[in-house]
Amino acid sequence: MSESSESDKDLGVDGLSTDVADLPDDIDTLRLEIDRMDAIILAAIQRRSAVSKKIGAHRMATGGPRLVHSREVKVLDRFSALGSEGHTLAMLLLRLGRGPLGR
Ligand SMILES: O=C(O)C(=O)C[C@]1(C(=O)O)C=C[C@@H](O)C=C1
């Protein structure tokens, strides 16, 4: 998997390295790190969805479109760093942000 890009560093995720050489070969310790990452990921997804819904509500209240294709392409591009599964994950994030109207 690729390291985070320069632009991601600008966005404040530079503390989350994929270099885990410094972690011990101890399953309990490693599982604790997974639990910590899962908690961060879950909170980030929930916050992302809330922000996305807020943008959508504002845009629709001001007469704009429900979806913005160019932004969705950017999200899909970013997650292509994960390979083909990145597309599935990005689509899921976009769906979570759209809410029930966006199916
Ligand atoms: O960036 C926007 O304009 C959004 O509404 C956010 C978002 C997203 O979740 O990334 C959601 C719906 C749009 O179609 C595009 C992007």
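Looking at an unreviewed UniProt entry, one finds the protein chain named Putative chorismate mutase and attributed to Gordonia malaquae NBRC 108250.

Caption draft 1: Broad picture of the site of the ligand. Around the ligand, the structure places R48, S52, I55, R59, L67, V68, R71, E72, V75 and L94. Contact distances for the ligand include 2.8 Å between an oxygen atom and a side-chain N or O atom of R48. Within the contact set of the ligand, an oxygen atom lies 2.8 Å away from a backbone nitrogen or oxygen of V68. Protein coverage of the free-state accessible area of the ligand, which is 360 Å², stands at 92%. Breaking the shell around the ligand down by element, the ones donating at least two residues are α2 (27-61) and α3 (69-79). The element best represented in the shell around the ligand is α2, accounting for four residues. Across the shell around the ligand, the residue classes tally to five nonpolar, one polar and four charged.

Conventions used here
Residues numbered from 1 in each chain as written. Predicted model: local features only at pLDDT ≥ 70, side-chain atom pairs only at ≥ 80, totals over all residues. Heavy atoms only, no water. Near = heavy atom within 4 Å. Polar contact = N/O pair within 3.5 Å; in protein donor to acceptor, adjacent residues only side chain to side chain. Areas by Shrake-Rupley, 256 points an atom, 1.4 Å probe, with all protein chains shown as cover. Helix = DSSP H or I, 4+ residues; strand = E, 2+ residues; numbered from the N terminus. Nonpolar A, V, L, I, M, F, W, Y, C, P; charged D, E, K, R; others polar.

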